[in-house]
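# Working through the structure, step by step
These are the residues of each chain, in order.
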Amino acid sequence: MKRLILFGAPGSGKGTMGDFIQRDFHYTKISTGDILRSAIQQDSAEGRQAKNFMEAGSLVPDELVTELVRQRLGCSDLGGSRGGYVLDGYPRTLAQAKALSDIASENEKAIFIEVTEAEAVERLLSRLTCSDCGAIYNLKTKPPHKADICDFCGGRVDRRTDDNEEAVRQRFRVYAERTMPVIEYYDRRNVLERVDGAGAAGRVYEKIKGLIA
Ligand code: ADP
Ligand code: ZN
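The following paragraphs examine the structure supplied in this document. (Residues numbered from 1 in each chain as written. Chains lettered and ligands numbered in written order. Predicted model: local features only at pLDDT ≥ 70, side-chain atom pairs only at ≥ 80, totals over all residues. Heavy atoms only, no water.)

Right, let's get into the site of ligand 1. In the vicinity of ligand 1 there are 20 residues, among which Thr32, Ser58, Gly89, Gln96 and Arg171 approach most closely. Val60 places a polar main-chain atom, nitrogen or oxygen, 3.1 Å from a nitrogen atom of ligand 1. Within the backbone of Gly89, an N or O atom sits 2.8 Å from a nitrogen atom of ligand 1. Summarising the interface, the protein chains cover 97% of the accessible area of ligand 1, which totals 550 Å² for the free molecule. Considering every element that reaches the shell around ligand 1, the biggest residue donor is helix H2 (residues 32-41), with four residues. Its residues assigned to classes, the shell around ligand 1 comprises seven nonpolar, six polar and seven charged. (Near = heavy atom within 4 Å. Polar contact = N/O pair within 3.5 Å; in protein donor to acceptor, adjacent residues only side chain to side chain. Areas by Shrake-Rupley, 256 points an atom, 1.4 Å probe, with all protein chains shown as cover. Helix = DSSP H or I, 4+ residues; strand = E, 2+ residues; numbered from the N terminus. Nonpolar A, V, L, I, M, F, W, Y, C, P; charged D, E, K, R; others polar.)

Let's shift gears to the coordination of the zinc ion (ligand 2). In this structure, Cys130 (SG), Cys133 (SG), Cys150 (SG) and Cys153 (SG) serve as the protein donors to the zinc ion (ligand 2), at separations of 2.3 to 2.4 Å. Each of the four donor atoms around the zinc ion (ligand 2) contributes to a set of angles spanning 98 to 116°, which defines the coordination as tetrahedral. In the primary sequence, the donor residues of the zinc ion (ligand 2) line up as C-x2-C-x16-C-x2-C. Remark: Cys153 occurs in the loop between strand E6 (136-138) and strand E7 (157-158) and Cys130 occurs in strand E5 (residues 127-130); sequence separation between them is 23 residues. (Donors = N, O, S within 2.8 Å, 3.2 Å for Na, K, Ca; no water. Tetrahedral: all angles 85-135°; square planar, octahedral: opposite > 155°, others 65-115°.)

A negative phi angle characterises most non-glycine residues, just as the trans form characterises most peptide bonds. Tyr90 connects to Pro91 through a cis peptide bond whose omega is 0°. Within the secondary structure, Pro91 is located in the loop between strand E3 (84-88) and helix H5 (94-103). For Asp43, which is not glycine, the phi torsion reads 55° and is therefore positive. Tracing the backbone shows Asp43 in the loop between H2 and helix H3 (45-56). For Asp148, which is not a glycine, the phi torsion comes out positive at approximately 70°.

Moving on: the sheet that holds E6. Ordered by their spatial adjacency, three strands build an open sheet running E6-E5-E7, and the pairing between neighbours is antiparallel. Either end of the sheet is taken by a strand with one partner, and the two such strands are E6 and E7. (Pairing = 2+ DSSP bridges.)

Now for the sheet that holds strand E8 (residues 192-196). Here we have five strands laid out as an open sheet, ordered E2-E3-E1-E4-E8, and parallel in their pairing. The open sheet is flanked by strand E2 (28-31) and E8, the only strands paired with a single partner. The sheet shows a mean angle of 20° between the axes of neighbouring strands, direction not considered. Bridge analysis of strand E4 (residues 107-114) against E8 gives five bridges, and the strand direction is parallel. Looking at E8, one finds that Ala110 is bridged to Leu192. Set on the sheet, H2 makes contact with E2 and E3; between it and E2 the angle comes to about 65°. (Axes fitted to C-alpha atoms, helices over the stretch in contact; angles between N-to-C directions. Contact = heavy atoms within 4.5 Å.)

Inspection of the entire model under this criterion finds 21 salt bridges. Arg171 is the salt-bridge partner of Asp163, the closest N and O atoms lying 3.0 Å from each other. Arg194 is paired through a salt bridge with Asp187; the nearest N and O atoms lie 3.1 Å apart. With a relative accessible area of 31%, Asp187 lands in the partly exposed category. (Salt bridge = Lys/Arg side-chain N within 4 Å of Asp/Glu carboxyl O. Buried < 20%, exposed > 50% of the residue type's maximum accessible area, 1.4 Å probe, protein only.)

The next thing to look at is the pairing of E3. Along any regular strand the residues' side chains alternate between the sheet's two faces. With five of five residues buried, E3 lies mostly within the body of the structure. Burial along E3 is two-sided: Gly84, Val86 and Asp88 facing one way and Tyr85 and Leu87 facing the other are all buried. Direction of pairing for strand E1 (residues 2-7) relative to E3: parallel, over a ladder of five bridges. If you follow Lys2 over to E3, its bridge partner there is Gly84. Taken together, the four bridges between E2 and E3 define a ladder with parallel strand orientation. The residue bridging Lys29 from the neighbouring strand is Val86, located in E3.

So this is what it looks like as structure tokens:
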């Protein structure tokens with residue numbers, strides 16, 4: 001089983017690239033942000049534990065997120081994923097990286113999508129997402145065809161509750177303090193590729209595609 005890990009600041013395009021990779025390579029995309037948001041929507045015990053952390057832009061406790069990833073990786077439908085999965089948003093701390101290598105050691109590659117903070121913030125503050133399927137839109141560059149309605153599932157398209165200036169600032173702080181060391185850790189193990197994430201999603205994806213095939 002191949003494991004691809006997407007790294008990058010909030011707004012760097014991890015989710016969008018993960019969707020493209022899932023579509024073209026039939027890898028299963030595992031996004032901890034999506035899993036947590038759906039837990040909150042379902043008002044599960046995990047969702048109730050995660051909610052305040054997420055709204056503030058802080059990290060959800062390692063044990064909670066790792067348990068969700070462990071469950072997801074145990075699902076039998078991973079077998080249908082043509083031999084691979086792509087992680088979006090995990091691991092985000094060194095403790096999570098350690099936990100991940102304990103869950104399963106796979107043939108792995110990490111891709112670091114680099115964007116300037118200014119570009120990422122600009123994207124986050126004009127981003128819209130479908131609250132049902134997680135599809136990603138942009139108020140300026142890629143609005144849904146019908147206002148507020150998801151092109152794919154008909155769900156409600158809205159701004160994420162953590163895409164406001166204060167939570168975004170906190171997410172960047174957490175990213176620099178907790179996640180940059182994880183990226184350095186993968187770099188030292190020589191499994192990290194860097195990709196310039198500026199500009200149109202399709203162009204960025206072309207570069208990433210070349211690294212996976
Ligand atoms: P972004 O990368 O744009 O910040 P995500 O959807 O990946 O957005 O994550 C949103 C929020 O979900 C994070 O700010 C955090 O609260 C929580 N979260 C997601 N993944 C993790 C993780 N691996 N560890 C801890 N918290 C996480
Ligand atoms: Zn949708």
